[in-house]
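Okay, here's what each chain looks like letter by letter:
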Amino acid sequence: MHQAIKELLTLSCISEGEEVSSCYHISKLINEQTEGAIHIPAGRIIPHLYRMLEKGEIRETSKTINGRKHICYTITPVGEERLAKLIDAYMETHQAFLVFLKNRKKA
């Protein structure tokens, strides 16, 4: 799967409003929200989280859940901008593929 798609899905999950507590949680959300069509192992999400943290697209917060500290992620305004650009790029590419496939059927 292309890196930009992983970033789009990860940022989208984080932007949902609730604090996302781990890469495992993000992986589970992607799997659930795509009805199992897309599964990204948690280990493949970690590098994206680090890159997004470095670029200021997300931030970490510490939260106590059931007496245990967890690292949670929230999206920043920079991350919201990045997510919007990723969605636009995906939509443009998807539309181009649809046009391509439509033209292939005509040929």
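Everything below is about the structure shown above.
All values reported here derive from a predicted model rather than from experimental measurement.

S.K.: I'd like a rundown of the overall build of the protein chain, residues and numbers included.
M.R.: When you go through the protein chain residue by residue, the secondary structure sums to four helices and two strands. Scanning the protein chain from its N terminus toward the C terminus, one meets helices and strands in the order α-α-α-β-β-α. Along the first, second and third principal axes, the C-alpha set of the protein chain runs to 65 × 30 × 20 Å. Within the protein chain, buried positions represent 30% of all 107 residues. Of all intrachain contacts in the protein chain linking residues separated by at least 6 positions in sequence, the fraction that spans at least 24 positions is 46%. Only carbon and sulfur atoms are counted for the fraction: they give 54% of the accessible area of the protein chain, which is about 7300 Å². Averaging the locations of the 15 positively and 13 negatively charged side chains of the protein chain gives two centres separated by 7 Å.

S.K.: Can you break down the layout of surface pockets residue by residue, with the values?
M.R.: One number sums up the size of the largest pocket: a volume of about 190 Å³. Taken together, H2, A4, I5, L8, L86, A89, Y90, T93, H94 and F97 make up the lining of the largest pocket. For the lining of the largest pocket, the residue count by class is seven nonpolar, three polar and no charged.

S.K.: Pulling in residues and values, what's your account of unusual backbone geometry?
M.R.: Unlike most non-glycine residues, E35 shows phi in positive territory, near 55 degrees. With respect to the helices, strands and loops of the structure, E35 is situated in the loop between α2 (23–33) and α3 (42–54). Given the relative accessible area of 78%, E35 is considered exposed.

S.K.: Can you lay out the nonpolar core for me, pointing to particular residues and giving the numbers?
M.R.: By size, the foremost hydrophobic cluster in this structure holds 19 residues, and its most contacted members are L11, I14, I26, I30, I45, L49 and I58. Only α1 (3–14), α2, α3, β2 (68–75) and α4 (77–106) provide two or more residues apiece to this core. Not counting residues up to four positions away in its chain, the partners in contact with I58 are L11, I14, L49, M52, L53, Y73, T74, I75 and T76.

S.K.: Help me get a handle on the environment of E57, residues and values and all.
M.R.: Relative to the assigned elements, E57 resides in the loop between α3 and β1 (58–65). Under the relative-accessibility criterion, E57 is labelled buried at 4%. In this structure the C-alpha to C-alpha distance between E57 and I75, which are 18 residues apart in sequence, comes to 6.1 Å. Look past the residues within four positions of E57 in its chain and what remains in contact with it is L11, R51, M52, T74, I75, T76, V78, G79 and R82. Polar side-chain contacts of E57 include one of 3.1 Å to the side chain of R51.

S.K.: Account for the packing of α1 against α2, with residues named and values stated.
M.R.: Taken N-terminus to C-terminus, the directions of α1 and α2 make an angle of 100 degrees; their axes are 10 Å apart at the nearest point. The pairing of α1 with α2 is recorded here as roughly perpendicular in orientation. Where α1 abuts α2, its residues L9, T10, C13 and I14 lie against I26, L29 and I30. Considering only residue class, the contact of α1 with α2 consists of six nonpolar, one polar and no charged.

The rules behind these values
Within any chain, residue numbers begin from 1 and follow the written order of that chain's sequence. Per-residue local features are limited, in this predicted model, to residues with pLDDT of at least 70; the limit for side-chain atom pairs, both in listing and counting, is 80 or more; totals at the level of whole chains, interfaces and linings are taken over all residues. As a rule here, side-chain values cover all heavy atoms of the structure and leave hydrogens and water aside. To qualify as a helix, a DSSP run of H or I must reach at least 4 residues; to qualify as a strand, a run of E must reach at least 2; elements of each kind are numbered from the N terminus. Working definition: with a 1.4 Å probe on protein chains only, accessible area under 20% of the residue-type maximum means buried, over 50% means exposed, and in between means partly exposed. When checking whether two residues touch, look at their non-hydrogen atoms; a contact exists if any pair is within 4.5 Å. Throughout, the Shrake-Rupley method with a 1.4 Å probe supplies accessible areas, and for residues the shown protein chains are the sole cover considered. Counting rule applied: Lys, Arg positive; Asp, Glu negative; His and chain ends not counted. For this purpose, a charge sits on NZ of Lys, CZ of Arg, CG of Asp or CD of Glu. The rule is simple: put a 1 Å grid over the protein atoms alone, call a set of points where a 1.4 Å probe fits but cannot get out a cavity, call an open set with protein on both sides within 12 Å along at least five of seven lines a pocket, and count a residue as lining if it has an atom within 4 Å of a point. Grid points are joined across faces, edges and corners, and a volume is the space filled by probe spheres set on the points. In this classification, Asp, Glu, Lys and Arg are treated as charged, Ala, Val, Leu, Ile, Met, Phe, Trp, Tyr, Cys and Pro as nonpolar, and every other residue, Gly included, as polar. To define a nonpolar core, start from buried Ala, Val, Leu, Ile, Met, Phe, Trp, Tyr and Cys residues and group those joined through side-chain atoms within 4.5 Å. Polar contact is the term for a pair of N or O atoms within 3.5 Å; when the atoms are in protein, one must be able to donate a hydrogen and the other to accept it, and sequence-neighboring residues count only if both atoms are side-chain atoms. The axes are straight lines fitted to the C-alpha atoms, using for helices just the contacting stretch, and the angles between their N-to-C directions are given from 0 to 180°. For classification, angles of less than 35 degrees are called roughly parallel, those exceeding 145 degrees roughly antiparallel, those between 65 and 115 degrees roughly perpendicular, and all remaining angles oblique.

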